[in-house]
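Notes for the structure review
One letter stands for each residue in the lines below.
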Amino acid sequence: MEKRREPVRVARSSMPPFEEYAGMIRELWDSRWLTNMGALHHRLEGQLKEYLKADQLSLFVNGHIALETALKALGLTGEVITTPFTFASTVHAIVQNGLTPVFCDIRPDNYTLDGDKLEPLITDKTSAILPVHVYGNFCQIEKIQEIAEKHKLKVIYDAAHAFGEERHGIGAADFGDISMFSFHATKVFHTIEGGALAYHDPELEQQVNGLKNFGIMDEETVAMVGGNGKMNEFQAAMGLCNLKYVEQEIKKRSRIDRRYRERLDGIKGITLCPEAPGVKRNYAYMPVVFDGYKKSRDQVAAQLEVVGIYPRKYFYPCVNAYACYQDRYRPEDTPVAHRISMGVLTLPMYADLPLDIVDEICDIVLS
Ligand SMILES: *Cc1c(COP(=O)(O)O)cnc(C)c1O
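Keep in mind it's a predicted model, so treat the numbers as computed, not measured.

**What about the domain arrangement of the protein?**
One can read the domain layout of the protein as domain 1 (18-243) and domain 2 (246-366). With 38 residues of domain 1 in contact, the opposing surface of domain 2 contributes 36 residues. Buried area between domain 1 and domain 2, both sides added, is near 3,100 Å², and the carbon and sulfur share of it is 63%. The largest share of the area that domain 1 buries against domain 2 comes from Tyr111, Tyr135 and Val188, three residues that together contribute 22% of it. Across the domain 1-domain 2 interface, the total number found is zero salt bridges. Where domain 1 packs against domain 2, one counts 15 residue pairs in polar contact (both at pLDDT 80 or more). Secondary structure elements with two or more residues in the side of domain 1 that touches domain 2: α4 (88-96), β4 (100-103), β7 (166-167) and α7 (233-264). Ranked by the residues each element gives to the side of domain 1 that touches domain 2, the list is headed by α4, at four residues. Considering only residue class, the side of domain 1 that touches domain 2 consists of 21 nonpolar, nine polar and eight charged.

Structure representation (structure tokens):
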């Protein structure tokens with residue numbers, strides 16, 4: 001088949017109207033306040049706090065640095081239990097803090113950390129649990145909280161995929177001690193690069209905001225050893241513009257999600273993520289698991305690529321199969337995550353993806 005249009009990638013950044021962004025950065029030419037918690041940073045922090053229903057919120061230059069800072073702010077030691085079915089950032093954030101990741105397998109239904117397999121992994125060195133609301137599927141929040149309280153562990157959620165999601169009216173920012181959101185260009189809401197921490201404890205605010213600015217508390221006091229995690233004003237401007245349209249973008253994504261489900265749900269050998277009741281979704285991703293299908297995941301991916309459609313094997317390989325971790329971990333130790341990673345293909349999903357391309361993708365998958 002010939003290639004007759006622009007390549008279709010797995011994600012495509014949402015862009016606000018150019019004039020709106022240009023108008024907002026005009027202010028920066030006048031003020032010459034480009035970073036270090038300027039006016040736009042302040043405005044975006046306030047608006048996101050409200051949108052995410054967060055008690056406390058701190059903006060960051062990106063989601064990964066936010067996550068590293070969260071672990072540092074909580075003063076964790078020893079081992080942190082996490083999932084191997086995630087993006088590199090989750091586990092690297094643990095290791096970068098000098099902590100040891102311990103991998104818990106995932107649930108076969110929604111691919112989040114399996115609360116039933118959590119307790120046997122807890123040792124006297126465990127200080128925290130770092131689960132991921134993977135693809136925006138909520139973790140077993142109550143169960144994880146109960147186990148954490150019993151063993152006096154902190155809970156940090158990687159909520160990079162859960163922007164704006166709610167369960168029974170409670171926002172993702174409400175769960176655990178700290179939740180990290182990513183505003184990377186490919187996410188549902190973006191600030192080009194960017195991220196945030198949402199948390200409850202007001203005493204964490206000083207710690208978190210100090211750590212993202214070299215530990216500088218005031219002109220003469222450097223109270224802690226911190227790095228540089230500050231979001232700049234150009235990022236904040238992009239966030240303020242995009243936030244106005246995010247509900248609209250999510251609505252458009254929902255139509256694409258529905259079309260994929262109409263075409264692919266119930267096909268033997270193809271599994272879609274279940275839609276949990278009471279959840280306000282953001283439709284960030286369209287993961288499809290091929291297991292026992294007439295074609296393998298790799299064959300389907302190759303067939304799509306022939307016509308210029310580029311899905312991603314997201315997440316493959318599992319983190320415990322990475323070259324940088326293979327001397328310490330084996331993917332076979334988390335068999336469910338291993339099996340899902342071998343079959344998963346994340347199909348293109350973005351607000352402006354035309355429905356006829358969704359149909360074309362489904363035709364190829366089904367043919
Ligand atoms: C995107 C992402 C991150 C990191 O976010 P950045 O903003 O790109 O640093 C962390 N965890 C998960 C699961 C992600 O998808």
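**Thoughts on the layout of surface pockets**
The calculated volume of the largest pocket comes to roughly 500 Å³. Around the largest pocket, the lining is made up of 29 residues, and of these Phe87, His184, Thr186, Lys187 and Tyr314 lie nearest the centre. Those elements giving two or more residues to the lining of the largest pocket turn out to be α3 (63-73), α4, β9 (178-182) and β17 (344-347). For the lining of the largest pocket, the domains that each give at least three residues are domain 1 (18-243) and domain 2 (246-366). Along the walls of the second largest pocket sit 16 residues, with Asn110, Asn137, Phe138, Ala276 and Val279 positioned nearest its centre. Taken together, the residues of the lining of the second largest pocket sort by class into six nonpolar, five polar and five charged. In terms of domain composition, the lining of the second largest pocket takes at least three residues from each of domain 1 (18-243) and domain 2 (246-366).

**Concerning the pattern of salt bridges**
Enumeration over the complete set of coordinates arrives at 27 salt bridges. For Glu142, the salt bridge goes to Arg167, with nearest N and O atoms at 2.5 Å. Here Arg167 lies in strand β7 and Glu142 lies in helix α5 (residues 141-151), a separation of 25 residues in the sequence. With its nearest N and O atoms 3.8 Å apart, the salt bridge here joins Glu275 to Arg261. In this pair, Glu275 is assigned in the loop between β13 (270-272) and β14 (279-280) and Arg261 in helix α7, connecting sequence segments 14 residues apart.

Criteria and cut-off values
Residues numbered from 1 in each chain as written. Predicted model: local features only at pLDDT ≥ 70, side-chain atom pairs only at ≥ 80, totals over all residues. Heavy atoms only, no water. Domains from an automatic or database assignment. Contact = heavy atoms within 4.5 Å. Buried area = accessible area lost by both parts, 1.4 Å probe. Salt bridge = Lys/Arg side-chain N within 4 Å of Asp/Glu carboxyl O. Polar contact = N/O pair within 3.5 Å; in protein donor to acceptor, adjacent residues only side chain to side chain. Helix = DSSP H or I, 4+ residues; strand = E, 2+ residues; numbered from the N terminus. Nonpolar A, V, L, I, M, F, W, Y, C, P; charged D, E, K, R; others polar. 1 Å grid on protein atoms, 1.4 Å probe; cavity = no way out; pocket = protein on both sides within 12 Å on 5 of 7 lines; lining within 4 Å. Points joined across faces, edges and corners; volume = space filled by probe spheres on them.

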